[in-house]
There are 2 protein chains.
Amino acid sequence: MSTQVSPLALPLPEMPSIAGAECASVAAGIRYKKREDMTVFRFAAGTTVAGVFTLNKCPGAPVDWCRAALKGGKARALVVNAGNSNVFTGRAGRETCERTAAETAQLLGCKPKEVFIASTGVIGERLPTDVLLAALPGAVGKLEADSWQSAAKAIMTTDTFPKGATRTAKIGETVVTICGIAKGSGMVAPDMATMLSFIATDAKIPAPVLQKLLSKGSAKTFNCITVDSDTSTSDTVLLFATGQVKHPRVPAEGGAILKDFARALDEVLHELALMVARDGEGAQKLITIDVTGAVSAKSAHRIAMAIANSPLVKTAIAGEDANWGRIVMAVGKAGEPADRDKLSVAVGGTWMARDGGVIPDYDEAPVVAHMKGREVEITVDIGLGRGKARVWTCDLTHGYIDINGSYRS
Amino acid sequence: MSTQVSPLALPLPEMPSIAGAECASVAAGIRYKKREDMTVFRFAAGTTVAGVFTLNKCPGAPVDWCRAALKGGKARALVVNAGNSNVFTGRAGRETCERTAAETAQLLGCKPKEVFIASTGVIGERLPTDVLLAALPGAVGKLEADSWQSAAKAIMTTDTFPKGATRTAKIGETVVTICGIAKGSGMVAPDMATMLSFIATDAKIPAPVLQKLLSKGSAKTFNCITVDSDTSTSDTVLLFATGQVKHPRVPAEGGAILKDFARALDEVLHELALMVARDGEGAQKLITIDVTGAVSAKSAHRIAMAIANSPLVKTAIAGEDANWGRIVMAVGKAGEPADRDKLSVAVGGTWMARDGGVIPDYDEAPVVAHMKGREVEITVDIGLGRGKARVWTCDLTHGYIDINGSYRS
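The rules behind these values
Residues numbered from 1 in each chain as written. Chains lettered and ligands numbered in written order. Predicted model: local features only at pLDDT ≥ 70, side-chain atom pairs only at ≥ 80, totals over all residues. Heavy atoms only, no water. UniProt positions renumbered as here; feature names shortened; annotations may be inferred. Helix = DSSP H or I, 4+ residues; strand = E, 2+ residues; numbered from the N terminus. Rg over C-alpha atoms; globule rule 2.2 N^0.38 Å. Buried < 20%, exposed > 50% of the residue type's maximum accessible area, 1.4 Å probe, protein only. Contact = heavy atoms within 4.5 Å. Buried area = accessible area lost by both parts, 1.4 Å probe. Salt bridge = Lys/Arg side-chain N within 4 Å of Asp/Glu carboxyl O. Polar contact = N/O pair within 3.5 Å; in protein donor to acceptor, adjacent residues only side chain to side chain. Pairing = 2+ DSSP bridges. Axes fitted to C-alpha atoms, helices over the stretch in contact; angles between N-to-C directions. Domains from an automatic or database assignment. Least-squares fit on C-alpha atoms with pLDDT ≥ 70 in both. Parallel < 35°, antiparallel > 145°, perpendicular 65-115°, else oblique. Left-handed = near helix turned anticlockwise from the far one by under 90°. Expected span 1.5 Å × (residues − 1). Arc of directions from axis to C-beta. pLDDT = per-residue confidence, 0-100. Phe/Tyr/Trp six-rings, centres within 6.5 Å; stacked < 30°, edge-to-face > 60°. Lys NZ or Arg CZ within 6 Å of the ring centre and 35° of its normal.

The name recorded for chain A in an unreviewed UniProt entry is Arginine biosynthesis bifunctional protein ArgJ, from Roseococcus pinisoli. Under the heading Sequence similarities (unreviewed entry), UniProt records this for chain A: "Belongs to the ArgJ family."

Below, the structure is given as structure tokens:
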């Protein structure tokens, strides 16, 4: 397996502390040796929580656990481990979650249903619960507010770089802070990529409002990235609001007072999501796909995802070939309303085809130069309506096969 | 581009002549040099025809042409060229079809709407119509009944082996013959794979009955294979019945008299479809996926296709890794009803996981041995109902990236 850092990597930013959120990472030894692989967060009393999860119909036990816990809207802890996803582990998997929550609740003095759990790694192997539980007290003993950076590293599986983002926002005249970390689509052979992201803010926001903000923000960020069309059984995004900063009260229905907060949250989600795409297995190029002129935004999104998931489009881009024929194929494959003779395609801002045919004398030079870069932009106008969407993906390279076709000796 | 023959290749069988169907292949020089790249078929008066086509919403001009021509139910000719797909070529593309049909009709003394057309190759480049038309008289001049084998070769693009199949069947006590050829998923840089197949029989079958047989047969053969989930703009299967053999009359509604014919046709379609999967770009292994216990046959088919199209499943198989965790992920990704705790997974007939958990002491030795072979069998039982489906695909290897990521100098 390659240990080379993605050429699209971004540096981990300085991450300020969030009042009411402490964390600690330890080497529990669940699967990895000689590295931190378990992270515990403790949140102040009164912390509210929101979550979005994989749409996979066979989710892992931790996803089931979090979905149920989320109904209470309150969080006091989060336990994350890397190396074993606790997926497809039957009754044992549920017991692992129950015991982890019970033990953490006892250590921190809260209810089990206020403990959130996320696991990533091998599927179908029992998570060694005793090993995880044995490491809990050590983690709790070193909790501190200023350890986001080590958490960003401890949750990695075969991500090639740690991912973090931070913003401040105003609620009324009061400044609040948002910090988030994510892990993405590095692979732990023999398993699938999983996207996990954990975000905390010191703002005080009712859980239903927080959920609305996270759902809306994720829809245009995390749900607009794809690496290979495969959907992990463990994808989880959790947003915690500790309420430790005094600011004008946020009403139960949210509203205009959160406008700047929503902007800042969306930026954090956007930055983290793109970092995940930048660390797709074997990625050499980040691809932005804009679809305009579809019959609806939903239709535009489906067309954009069909392009982003097309192996033929992705291999063409890996080969630095501005192959608009394959893009047209992918549009048609989406099954959404499209008229071949109204399609237009641009690469890097240069229109190559318009109204169903190649533009005879389009200038190829800027297209060729654009394709050699690390970031490739594709725009498709469907020519039927006003629906638009933007998604991100990476190219499909030999690196993907190397990482995922783990040749066993 | 690799010129190595797929390790999954099968030999081209002896192909008997079909009374009332003659063909000839010539080197028209549309794109390829020094090889036959155009094939013309002439069918006897009274020949009926059926067709199935790509579901891609942006099909090529020849697909539009055939769909319209099919309404007449009669065929006298078929013109196929390799190297240019005449897709996304706007008005020029339509004119190419019109001129090809008109010219062929004149040469053969039939109506333009009795001429069928199929093109495969580059997308978005105008097909040099004059070059194609100039080659037509030469092809017509050498038409003969016994040239299926050369046609199987002339329609290839970067297929690594020619594909043909033949069967006989009884209608009443009379023996009739079916011959078919196909081309598959070799790539013509910079374009997508296209599946074309042409089948002829000397039986006399009304067009609506023929269409029903072809639609039903294709649904369980050609529509059950996938290489990379991408859908060509040109996929076309045409079935011609020349009616040159005297057999008991087939009634307008078809019925029991065609039972043996349907069996033989299905076998031809099955054999051709599997040859296409065996020649998937970079394929090293043929994968058969059986899904049982789904809530319906349709649901089973969708789940099977989700597994077959999963890059993570396909790379695992390339790596000879019986990674049932990825199979479970793909089941969940399909979006169809599934219950993680009722799933069972077998590889090569050995059950590895049952009722949502790994079988602790399953015998790994036969699984490991099975994975090293050229043909891999995966069975998933959903445990919910009685719906079942079978599909075929190939693994995802470095060869796929080599072929499709055509690095331009």
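That covers the picture; the talk isn't over yet.
(A) Structural detail: the overall build of chain A. The helix and strand inventory of chain A stands at eleven helices and 15 strands. Here chain A has a C-alpha radius of gyration of 22 Å; the compact-globule value for 409 residues is 22 Å, and the two agree. Across its three principal axes, chain A shows a C-alpha extent of roughly 70 × 60 × 35 Å. When the 409 residues of chain A are sorted by exposure, 62% land in the buried category. Counted over contacts in chain A with a minimum sequence separation of 6, partners at least 24 positions apart contribute 80%.

(B) Spatial organisation of helix α1 (residues 61-70) of chain B. Residue and element names in this part refer to chain B. Of all ten residues in α1, seven are buried; the element is thus mostly enclosed. Residues of α1 that are buried include every one of Ala61, Pro62, Val63, Trp65, Cys66, Ala69 and Leu70, and no others. Close packing links the buried residues of α1 with β3 (48-53), α2 (90-108), β5 (115-122), α5 (207-219) and β9 (236-241).

(C) Structural view of the interface of chain B and chain A. Between chain B and chain A, the contact holds 65 residues from the first and 65 residues from the second. Both sides of the chain B and chain A interface together cover about 5,300 Å² of buried area, and 57% of this is carbon and sulfur. On the surface where chain B and chain A come into contact, there are four salt bridges. Where A:Asp64 meets B:Arg340, a salt bridge forms, and the shortest distance between an N and an O atom there is 2.8 Å. The tally of links between chain B and chain A comes to 17 residue pairs in polar contact (both at pLDDT 80 or more). Among the secondary structure elements, those contributing two or more residues to the side of chain B that touches chain A are α1, α2, α8 (311-318), α9 (324-333), β13 (357-358) and α11 (398-404) of chain B.

(D) Seen up close, the sheet that holds β13(B). Residue and element names in this part refer to chain B. Pairing is mixed across the open sheet formed by six strands, whose spatial order is β13-β12-β11-β14-β10-β15. Since the sheet does not close on itself, it has two edges, and those belong to β13 and β15 (387-394), each with one partner. Summarising the sheet, strand β12 (residues 350-354) and β13 pair through two bridges and their orientation is antiparallel. Bridge pairing in β13 places Arg354 opposite Gly357. Packed on one face of the sheet, helix α6 (residues 259-278) meets β10 (286-294), β14 (375-381) and β15 and runs near 50° to β15.

(E) Summary view of the side chain of A:Ser6. Residue and element names in this part refer to chain A. The topology assignment puts Ser6 in the segment before β1 (21-26). Accessibility expressed as a relative area gives 9% for Ser6, which makes it buried. At 3.0 Å, the side chain of Ser6 forms a polar contact with the backbone nitrogen of Leu8. Leave out the neighbours within four places in its chain, and Ser6 touches Thr160, Phe161, Arg278, Asp279 and Ala283.

(F) Structural context of the domain arrangement of chain A. All names here are of chain A. If you check the domain split of chain A, you get domain 1 (21-278) and domain 2 (286-404). Contacts between the two partners involve 14 residues from domain 1 and, on the opposite side, 15 residues from domain 2. Buried area between domain 1 and domain 2, both sides added, is near 1,200 Å², and the carbon and sulfur share of it is 61%. Connecting domain 1 to domain 2 are one salt bridge. The shortest N-O distance in the salt bridge between Arg278 and Glu375 comes to 2.7 Å. The tally of links between domain 1 and domain 2 comes to six residue pairs in polar contact (both at pLDDT 80 or more).

(G) The sheet that holds strand β4 (residues 77-84) of chain B, seen in detail. Residues and elements named next belong to chain B. In space, the four strands of this open sheet follow the order β1-β2-β4-β5, with mixed pairing throughout. Where the open sheet ends on each side, the last strands, each with one partner, are β1 (21-26) and β5. This sheet shows a mean twist of 10° between the axes of neighbouring strands, independent of strand direction. As defined by bridge partners, β1 adjoins strand β2 (residues 38-43) across six bridges and the pair is classed as antiparallel. Within β2, the position partnered with Glu22 by the bridge is Arg42. Contacting β1, β2 and β4, helix α3 (residues 129-141) runs over the sheet at an angle of about 50° to β2.

(H) Representation of the relation of the copies chain B and chain A within the structure. In screw terms, the move from chain B to chain A is a rotation of 180° and a rise of 0.0 Å along the axis, fitting with an RMSD of 0.0 Å. Between the two chains, the operation in question is that of a two-fold axis. Among all C-alpha atoms of chain B, that of B:His398 lies closest to the rotation axis, at 3.0 Å.

(I) Quick peek at unusual backbone geometry. All names here are of chain A. At Asn86, a position not held by glycine, the phi torsion is positive, near 50°. In this structure, Asn86 sits in the loop between β4 (77-84) and α2 (90-108). Given a relative accessible area of 1%, Asn86 falls into the buried group.

(J) Examining the packing of α1(B) against α2(B) more closely. Residues and elements named next belong to chain B. Interhelical geometry of α1 versus α2 gives an angle of 50° and a closest axis separation of 8 Å. Comparing their axes, α2 and α1 come out oblique. Crossing geometry of α1 relative to α2 is assigned as right-handed. Of the residues in α2, those in contact with Ala61, Pro62 and Trp65 of α1 are Gly93, Arg94, Cys97, Glu98 and Ala101.

(K) Representation of α5(B) in the model. Residues and elements named next belong to chain B. The end-to-end C-alpha distance of α5 is 18 Å, a good match for the 18 Å that 13 residues give at a rise of 1.5 Å each. Among all positions of α5, only Ala207, Val209, Leu210, Leu213, Leu214, Gly217 and Ser218 are buried. Seen along its axis, α5 keeps its buried residues to an arc of 160°; they face one direction. Residues of α5 that are exposed and point over 90 degrees away from its buried face: Pro208, Lys212 and Lys216.

(L) Just the pattern of salt bridges, in detail. In total, this model carries 38 salt bridges over all chains according to the counting rule given. A:Glu267 serves as the salt-bridge partner of A:Arg263, at 3.4 Å between the closest nitrogen and oxygen. Remark: A:Glu267 and A:Arg263 occur in helix α6 (residues 259-278); sequence separation between them is four residues, near one turn of the helix. Residue classification places A:Arg263 among the partly exposed residues on the basis of a relative accessible area of 32%. The partner of B:Glu320 in a salt bridge is B:Lys285, with the nearest N and O atoms 2.9 Å apart.

(M) Here's a closer look at the confidence of the model for chain A. A residue-level look at chain A finds 96% of positions with pLDDT of 70 or above and a mean pLDDT of 92. Per-residue pLDDT stays below 50 along residues 187-192 of chain A; that stretch engages in 34 contacts with residues further than four places along the chain or on separate chains.

(N) A look at the side chain of B:Thr397. Among the secondary structure elements, B:Thr397 is positioned in the loop between β15 and α11. We classify B:Thr397 as buried; its relative accessible area is 8%. Of the polar contacts made by the side chain of B:Thr397, one reaches the backbone oxygen of B:Gly282; its length is 2.7 Å. The residues contacting B:Thr397, other than those within four sequence positions of it, are A:Ile401, B:Gly282, B:Gln284 and B:Ala318.

(O) Looking closely at the packing of aromatic side chains. Scanning the entire structure with this criterion turns up ten aromatic pairs over all chains. The interplanar angle of 50° and the centroid separation of 5.1 Å between the aromatic rings of A:Trp324 and B:Phe88 together place this pair among those described as tilted. Here A:Trp324, found in helix α9 (residues 324-333), pairs with B:Phe88, found in the loop between β4 and α2, and the two come from separate chains. Pairwise contacts between aromatic rings join A:Phe41, A:Phe43, A:Phe116, A:Trp148 and A:Phe240 into one cluster. The ring of A:Phe161 carries the charged tip of A:Lys163 above its face, separated from the ring centre by 4.4 Å.

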